[in-house]
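A structural walkthrough
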Amino acid sequence: MIKLRLFDTYSRTVREFTPLESPPPGQQPVVGLYTCGPTVYDYAHIGNLRTYIFSDTLRRVLGFNGFNVKHVMNITDVGHLASDADEGEDKMEKGSRRTGKSAWEIAEFYTAAFRSDMKSLNILEPTIWCKATDHITEQIDVVRCIEEKGYTYRTSDGIYFDTSRLPDYGHMARLDIEGLQAGQRVDMGEKRSPTDFALWKFSPRDQRRQMEWDSPWGVGFPGWHIECSAMSAKYLGDLFDIHTGGEDHINVHHTNEIAQTEACYGTRLANFWMHGYFLQLDDTKMAKSAGTFLRLQTLIDQGYDPLAYRLFCLSALYRAKLNFNWESLDGAAKSLERLRQATFDWGPAGQVDQAFLEKFGDQVNDDLNMPRALAVAWELVKSDLQPAVKKATLLAFDQVLGLDLANWAPKEEVIPDEILALVEQRQLARKEKRWGDADALRAQVTQAGYEIEDTAQGPRVRKKGL
Ligand code: AMP
Ligand code: ZN
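Report on the accompanying structure. What you see as residue numbers is a count from 1 along each chain, following the sequence as written. Just so you know, chain letters begin at A and ligand numbers begin at 1, following the order they were written in. In keeping with the model being predicted, local features are shown solely for residues with a pLDDT of at least 70 and side-chain atom pairs are shown and tallied solely at 80 or more, while totals for entire chains, interfaces and linings include all residues. Side-chain metrics in this entry use all non-hydrogen atoms of the structure; hydrogen atoms and water are not considered.

**Some points on the packing of helix α2 (residues 91–99) against helix α3 (residues 103–120)**
- Where α2 contacts α3, the axes come no closer than 8 Å and their chain directions differ by 95 degrees. In terms of axis orientation, α2 runs roughly perpendicular to α3. Of the residues in α3, those in contact with Met92, Gly95, Ser96, Arg98 and Thr99 of α2 are Ala103, Ile106, Ala107 and Tyr110. Whenever a helix is involved, its axis is fitted only over the stretch in contact; in every case the axis is a line through C-alpha atoms, and angles between N-to-C directions fall within 0 to 180 degrees. Only DSSP runs of H or I with at least four residues qualify as helices, and only runs of E with at least two residues qualify as strands; both kinds are numbered from the N terminus onward. An angle below 35 degrees is read as roughly parallel, one above 145 as roughly antiparallel, one from 65 to 115 as roughly perpendicular, and any other as oblique. Here, two residues are considered to be in contact whenever any of their heavy atoms come within 4.5 Å of each other.

**Describing the packing of helix α11 (residues 354–364) against helix α12 (residues 370–382)**
- Their axes nearest at 7 Å, the elements α11 and α12 cross at an angle of 165 degrees. One element, α11, and the other, α12, form an angle in the roughly antiparallel class. The handedness of the crossing between α11 and α12 comes out as right-handed. Residue-level contacts link Phe356, Lys359, Phe360, Gln363 and Val364 of α11 to Met370, Arg372, Ala373, Val376, Glu379 and Leu380 of α12. Put simply, a crossing is left-handed when the front helix is turned counterclockwise from the back one by less than a right angle, and right-handed when it is turned clockwise.

**Re the pairing of strand β11 (residues 269–276)**
- For β11, the tally of buried residues reaches eight of eight residues, placing the bulk of the element in the interior.
- Judged from the seven bridges that link them, strand β10 (residues 239–246) and β11 form a sheet pairing that is parallel. The partner of Leu239 across the bridge, within β11, is Leu269.
- Here a crossover is taken to be right-handed if, once the strands point away from the viewer, the path from the first strand over the helix to the second is traced clockwise. Note on the crossover from β10 through helix α7 (residues 253–264) to β11: the handedness is right-handed. Burial status follows relative accessibility: with a 1.4 Å probe on protein chains alone, a residue under 20% of its type maximum counts as buried, one over 50% as exposed, and anything between as partly exposed. Between any two strands, pairing holds if DSSP finds at least two bridges.

**So, the coordination of the zinc ion (ligand 2)**
- Donors, by definition, are the N, O and S atoms found within 2.8 Å of a metal, the threshold being 3.2 Å for Na, K and Ca, and water is not counted, so a site can look incomplete. Binding of the zinc ion (ligand 2) to the protein goes through Cys36 (SG), Cys228 (SG) and His253 (NE2), at separations of 2.0 to 2.2 Å.
- Since its relative accessible area comes to 5%, Cys36 is described here as buried.

Fair warning: the whole summary comes from geometry, so function is off the table for now.
Put into structure tokens, the structure is as follows:
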């Protein structure tokens, strides 16, 4: 099997992945993985969930390669303003006005909704969950560190990071700083440069915020980017293996996380920076702020299994935009059903076919090439290997695919006796080559809301749409 290679946005190259720390003798190497979690002011949309399916796939591939993953995910429950450039209202306070609940209640409610979506999609729980509001002291400490190193200035509304002090600010995003300054049109307020960003914001003088804390600079709340620098360093150290997020984080959020850690710790924070590309709807970005978005529950209400959406996402490279449409989701739902039924029909699992496993490994290790890995899975299904071998091998693939194939069984359906009688009569008609009768009997069954599938083991009847 080829060695694991991953695309690193920072260096813009596909590089071989090796953990930063070598393990003590006889133990599995530990890999530190940090994923930017959701901003819990509304439900996650299926675009957000695509990004978490990507990070889950990465985590599973690391496990497949024998690494012991320490996965940290944060919950942004304060400080993410309406625009990523520190403008506008805090999304949590805005959500509070929209729903009439407190910002704290909203955070709790949407965190629970997000975790339930994760469970439905068979996304593994992170090893550590961390909330921004539980780590205010840690965030203040990092801001203080940045201040001591001389990278901050104060305005009337907060403490800002002076990006001009950092010679390679914007390196990962390949930002054209001069171009940005020349093209600056929006009001910068008291910011010295368009790329400067808030580390600590003061509460407005005339209004009490629901979420605010005391700090060395005055009462207020942390800027959005500082939470990830502070919490990732706390749980994984100031230089860890992999940091993930969606592609929109490249230019602002992750660029600023890197600036903060470079200023305070002198590191680029993560050895690999990886980004999942957007899910689009009709070729435009799906965004919560636009108000029109699809939730996982919307798909469930339409009769889809959440794991069909997972399989739909796996059919594209994570580094490519993906257009959502119902026809493709239908295709994924059918494929999922075929994989489940095949796995079930194969009976007990035997030995894994190592050659196939290696072939699959070559694809997932090639920067998570899941479409090609799925092609290997279909090749296995169609192969003439023993059913028990196919089963064991597909279940080994499923450690990475995460389709929970081992736990699926056909729904125990009670088929009414009169339908079973019709099916039996049809079998008899077919045996006696009375094809017209057989067709008419099938039509009767269909009309009653059932469908017949002729398999090698005989006819299978089920309620339509299941
Ligand atoms: P948020 O809850 O807005 O902080 O976003 C959660 C995650 O979803 C982040 O990693 C975003 O980069 C990602 N994201 C936002 N919109 C999309 C989209 N349309 N497709 C894929 N990922 C997205
Ligand atoms: Zn983050």
